[in-house]
Amino acid sequence: MTDAIRVSSPVTGTDKTMSFEAGHLAQLADGAVLARLGDTMLLATVTAAKTAREGMDFFPLTIDIEERAYAAGKIPGAFFRREGKLSDQAILICRLIDRPLRPSFPKGFRNEVQVVGTIFSADQENPHDILAINAASAALMISGIPFDGPIGAVRMAYTTDGEWAPHPTFAEGDAATFELVVAGRALSDSVDADVAIMMVEAGGTEGSFEKYADGAPKVSEEVLAAGLEASKLWIREAINLQRELVRDFIAARGPLPVFPYETFADYQDDVYARVEAVGATALTEANKITTKAARAEAIDAATKSITEQLSGEFEGRGSEIKAAVRSMTKKLVRKRIVEEGVRIDGRSTSDIRPLSAEVDLFPMTHGSALFQRGETQVVNVTTLGMPRMRQQLDTITPDEFRRYMHHYNFPPYSTGETGRVGAPKRREIGHGMLAERALVPVLPSEEDFAYTIRVVSDVLQSNGSTSMGSVCGSTLSLMAAGVPIKAPVAGIAMGLVYDEGTYVTLTDILGAEDAFGDMDFKVAGTADAVTALQLDTKIDGLPADVLEKALHQAKDARLTILKLITDTIAEPRSQVAEVAPKIVSMEIPIDKIGEVIGPKGKVINTLQQETGADIAVDDDGVVGTVTIGAKDGRAVEEARRRISLILDPPSADVGAVYPGRVVSIAKFGAFINILPGRDGLLHISKLAPLNGGKRIGQVEDVLELGQALEVKVDDIDPQGKVSLSLVGDFPDVVEEPRRERRPERDSRPERDSRPDRGGRSDRGDRPERDSRPERSNGTSAAKPSSFEASFEAELAGEIGDLGPGGPTFSDGDGGGRRSPRPRRR
């Protein structure tokens, strides 16, 4: 086993250290780096195919993040108790890694490359996403695979004091108002080189608008631009640490392996020249058509015509002709934007397409809206549920629940195509999480609005920025559903074209402009604060003034859309929809939780059955929370009234009669609920009226759980325990014969004074037998002197004398057996 090459560096402004280690683990991979920040550790490996797959016309880069439950000391909660599909968080990390890495490979490189990050240790403090980006880049740097790196990344948190803090912990991020993830590359080999921003993913935190209300500075466009500029210091530190690892690795192991590869061009220059000569005019005119469908039809017709004209000249090279047409189209679109300031659909660089919005589309949904911008159309539906409907997260982060869920669907018909419909793809998950990130900051707290919230965005038409369309439509949907959001949120997609030193920023880009441009830049926010940002660039470096101009241009567009939103629905509705559950929450002392739930849940289950409300009880270790929900508001109020009585039960009065219900049965009696939160004991000795006056052996013989009956309060002891007795009409009581009690010992004659018993002097003198009353053969009405004698008399009366062989009970008559003495009780 070889020794590891290890490098580390302190993180400026923190007490943390980032380290990389190579040459020890996974040595059969092309590159493998073990990265560490705090006690969070992960292994990033990269492997590449030696040759390109035949017919491959794109770069097959695959990123996977394997979050091992053992990293956080957990066992997976799934049925099979092992990790399954990637979590949404893992998919987002994969996308964060892919976006800066993909453009860093050579143009035309077609060999399959796979990056796998395995989380070995998660300290529940330091997130592993930024570490994964840096580790993946470091692994590529020592692999020999062609890669224009290194790529550095950092997370920044904007504190309530108005400062940008690097590499925040989970807790520090939650306490901040905004988080910013930035990745970039150095523009030279110098340790102080400027950094080109390649990727940005940012969003406000939950509760940030409450912090703004308490005086925290808002994240404006200027603050955001300053944060991007500040991030370059820590990106540079990560880049320099990777370069140090490469130097030490080469010093210890020798030169990096040479990775032979070839690049593939989509077309050759001779094909492009002929396409330009034959089809430039037709393609120019086709790209002036403003509607997507008509434009696509015209371009297809022009492509077909060009292909037919050149097929004889370039036999067997039809794919090159089509690729050259696409390249020609891109060139024409970009040239027109830069030189004329006119875009594909005829708009200027800052124009927004026509906007429209509707609410209340579907009667049985809790809140619905339709938002349309040009040919992009998204329907958004909000559903409200009980708190227990929140999503339970089985991850290696401290997050346990997800109260707000935003799901985004992009069916193939939205682009007029056929395709697979089913489980969401990574792009759909990413777009849904971006929209969620934009709206989380303005959502009410759980204390103010106890509902679990789910929003679904279904894209019906797509021609540019459906994710930002989802943000706008979801704001409308939430307001229509009666969710008291802090402020409306709107989003806009921006683009940028850079040509010959000229930067042109585009507002509300089309799908084609996204593909042909140099930047995809999405901004969401309220009228005075940014709530989410996503940026990807294809060029090296974005000047600060260009970025700031783009941010302000995006704000102008955002304000225009916000006006449309408020014109459609001015503010959130004061009440949720009739079909939505009505929910109220109340805090209770933590020691009262058991009383509300009851033994084995009997109290809460009874409340739910009798009121029809859904009741959930939770606590944070300090105070309990009861959440009550039902579609019928009267059921909610009744459940709340009953719970209030349990918390502060009314007092029972001695002698008063109450209707009660059996809530518990014990060997010694039954507990009867007579008032909310007030039970009393009906002792087993008082249950004889339910059995015809006869003594009962078990309480269950005459009572069952839930049985209703009237009871009277006989007594209340100093501890508040209530003693009850039955009240009501019962069947006639049949008196059970009672035994005669023998005389007390001290009243009997002394043994030596008793008459002689004749021959049994050892037991003392007893009266003569004939001095006792004769026992009749069932004809005498003599009163029985014991239970046994009574039973014998009753039996003889029913079936006659049993004769000499039958059982006999007497007080000592000749030939009979002596009656047993009664048991002492």
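Small disclaimer: the values here were computed from a predicted structure and weren't measured.

(A) A look at the nonpolar core. Grouped together as the largest cluster of nonpolar side chains are 143 residues, with contacts concentrated most on Leu 180, Ile 453 and Phe 521. Per-element accounting of this core gives the leading share, 11 residues, to helix H5 (residues 221-253). In contact with Leu 180, not counting residues within four places along its chain, are Val 154, Arg 155, Met 156, Trp 164, Val 200, Glu 201, Ala 202, Leu 224, Gly 227 and Leu 228. Counting residues in hydrophobic clusters, the runner-up holds 20 residues, among them Tyr 658, Val 662, Ile 696 and Leu 724.

(B) A look at the sheet that holds strand S22 (residues 582-589). The 3 strands lie next to each other as S22-S24-S23, forming an open sheet whose pairing is antiparallel. For this open sheet the edge positions go to S22 and strand S23 (614-619), each flanked by a neighbour on one side alone. Strand after strand, the sheet turns through a mean of 20° between neighbouring axes, direction not considered. As paired elements, S22 and strand S24 (residues 623-630) share 8 bridges and run antiparallel to each other. Bridge pairing in S24 places Ile 588 opposite Gly 624. Against the sheet, helix H15 (residues 633-647) contacts S22, S23 and S24, and its axis sits at roughly 5° relative to S22.

(C) Here's a closer look at the pairing of strand S7 (residues 151-158). Within S7, 8 of the 8 residues are buried, leaving the element largely enclosed by the surrounding structure. Going residue by residue along S7, you find Ile 151, Ala 153, Arg 155 and Ala 157 tucked away on one face and Gly 152, Val 154, Met 156 and Tyr 158 tucked away on the opposite face as well. Sheet topology note: the S7/strand S9 (residues 178-186) ladder contains 8 bridges and is antiparallel. By the bridge assignment, Ala 153 is partnered in S9 with Ala 183. Relative to strand S8 (residues 164-166), S7 runs antiparallel, the two sharing 3 bridges. The residue bridging Ala 157 from the neighbouring strand is Ala 165, located in S8.

(D) The arrangement of the environment of Val 636 in detail. For Val 636, the position within the fold is in helix H15. Residue Val 636 is classed as buried on the basis of its relative accessible area of 2%. With residues near it in sequence (within four places) discarded, Val 636 still touches Lys 582, Val 584, Ile 628, Gly 629 and Ala 630.

(E) Looking closely at unusual backbone geometry. In this structure, Pro 150 follows Gly 149 across a cis peptide bond, with omega equal to 0°. Unusually for a residue other than glycine, Ser 465 sits at a positive phi of about 55°. With respect to the secondary-structure elements, Ser 465 resides in the loop between strand S17 (452-461) and helix H10 (466-480). Under the relative-accessibility criterion, Ser 465 is labelled buried at 13%.

(F) Spatial organisation of the confidence of the model for the protein chain. Looking at the protein chain, the pLDDT average stands at 86 and 88% of residues meet or exceed 70. Between residues 744-785, whose pLDDT stays under 50, and residues either more than four places distant or in other chains, the model counts 38 contacts. pLDDT under 50 marks residues 802-825. Its contacts with residues more than four places away, or in other chains, come to 34 contacts.

(G) Representation of the sheet that holds strand S16 (residues 404-409) within the structure. Read from one edge of the open sheet, 5 strands run S11-S12-S13-S17-S16, paired in mixed fashion. The outermost strands of the open sheet, each flanked by one partner alone, are strand S11 (355-359) and S16. Sheet twist, expressed as the mean angle between neighbouring strand axes with direction ignored, is 15°. Here S11 pairs with strand S12 (residues 367-373) via 5 bridges, running antiparallel.

(H) Inspection of the pattern of salt bridges at higher detail. Inspection of the entire model under this criterion finds 46 salt bridges. Of the charged contacts, one joins Arg 641 and Glu 638 as a salt bridge, the two residues approaching to 2.8 Å between their closest N and O atoms. Within this pair, Arg 641 and its partner Glu 638 are both found in helix H15, separated by 3 residues, close to a single helical turn. Residues joined by salt bridges that share partners form a network here, namely Asp 345, Arg 347, Arg 353, Arg 373 and Asp 508.

(I) Local environment of helix H1 (residues 88-101). Taking 1.5 Å as the rise per residue, H1 with 14 residues should run 20 Å; its terminal C-alpha atoms sit 20 Å apart, in good agreement. When you tally the buried positions in H1, you get 11 out of 14 residues, the bulk of the element. Along H1, the residues that are buried comprise Ala 90, Ile 91, Leu 92, Ile 93, Cys 94, Leu 96, Ile 97, Asp 98, Arg 99, Pro 100 and Leu 101.

(J) Fine view of the side chain of Asn 287. Residue position: Asn 287 is located in the loop between helix H6 (269-286) and helix H7 (292-310). One polar contact links the side chain of Asn 287 to the main-chain carbonyl oxygen of Leu 283, over a distance of 2.8 Å. Beyond its immediate sequence surroundings of up to four residues, Asn 287 is in contact with Arg 295, Ile 299, Thr 329, Val 333, Arg 336 and Ile 344.

(K) Summary view of a nonpolar patch on the surface. Among the surface-exposed residues, Leu 25, Tyr 70 and Phe 120 lie close enough to one another that they form a single nonpolar patch of about 270 Å² accessible area. You can see Phe 120 is positioned in strand S6 (residues 113-121). Residue Phe 120 is classed as partly exposed on the basis of its relative accessible area of 32%.

(L) Quick look at the packing of helix H14 (residues 602-611) against H15. Between H14 and H15, the least distance of the axes is 10 Å, while the angle of their chain directions is 150°. Comparing their axes, H15 and H14 come out roughly antiparallel. Viewed along their axes, H14 and H15 form a crossing whose handedness is right-handed. For the pair H14 and H15, the contacting residues are Val 603, Leu 607, Glu 610 and Thr 611 in the first and Ala 635, Glu 638, Ala 639, Arg 642, Ile 643 and Ile 646 in the second. Looking at the contact of H14 with H15, its residues break down into 6 nonpolar, 1 polar and 3 charged.

(M) Region of the structure containing the pairing of strand S13 (residues 376-385). Taking burial as the measure, the 10 residues of S13 include 9 buried ones, the bulk of the element. With 7 bridges connecting them, S12 and S13 associate as antiparallel partners. Residue pairing across strands places Leu 370 opposite Val 379, the latter belonging to S13. When S13 meets S17, the two strands line up antiparallel, connected through 9 bridges.

(N) Up close: the packing of aromatic side chains. Going through the model one piece at a time under the given rule, you end up with 12 aromatic pairs. Between the aromatic rings of Phe 105 and Phe 109, the centroid separation amounts to 6.2 Å while the plane-to-plane angle is 5°, which identifies the pairing as stacked. The interplanar angle of 65° and the centroid separation of 5.1 Å between the aromatic rings of Phe 209 and Tyr 212 together place this pair among those described as edge-to-face. Placement of both Phe 209 and Tyr 212 in helix H4 (residues 208-213) is noted, with a separation of 3 residues, approximately one turn of the helix. This pair shows no difference in class: Phe 209 is buried, exactly as Tyr 212 is. One aromatic cluster in this structure is built from Phe 59, Phe 105, Phe 109, Phe 147 and Tyr 261. Taking NZ or CZ as reference, Arg 390 lies 3.8 Å from the ring centre of Phe 401, over its face. Geometry around Phe 410 places Arg 427 over its ring, the cationic atom sitting 4.4 Å from the centre.

Parameters and conventions
Residues numbered from 1 in each chain as written. Predicted model: local features only at pLDDT ≥ 70, side-chain atom pairs only at ≥ 80, totals over all residues. Heavy atoms only, no water. Core = buried A, V, L, I, M, F, W, Y, C linked by side-chain atoms within 4.5 Å. Buried < 20%, exposed > 50% of the residue type's maximum accessible area, 1.4 Å probe, protein only. Helix = DSSP H or I, 4+ residues; strand = E, 2+ residues; numbered from the N terminus. Contact = heavy atoms within 4.5 Å. Pairing = 2+ DSSP bridges. Axes fitted to C-alpha atoms, helices over the stretch in contact; angles between N-to-C directions. pLDDT = per-residue confidence, 0-100. Salt bridge = Lys/Arg side-chain N within 4 Å of Asp/Glu carboxyl O. Expected span 1.5 Å × (residues − 1). Polar contact = N/O pair within 3.5 Å; in protein donor to acceptor, adjacent residues only side chain to side chain. Patch = residues over 30% accessible without salt bridge, like charges linked within 9 Å, V, L, I, M, F, W, Y side chains within 5 Å. Areas by Shrake-Rupley, 256 points an atom, 1.4 Å probe, with all protein chains shown as cover. Parallel < 35°, antiparallel > 145°, perpendicular 65-115°, else oblique. Left-handed = near helix turned anticlockwise from the far one by under 90°. Nonpolar A, V, L, I, M, F, W, Y, C, P; charged D, E, K, R; others polar. Phe/Tyr/Trp six-rings, centres within 6.5 Å; stacked < 30°, edge-to-face > 60°. Lys NZ or Arg CZ within 6 Å of the ring centre and 35° of its normal.

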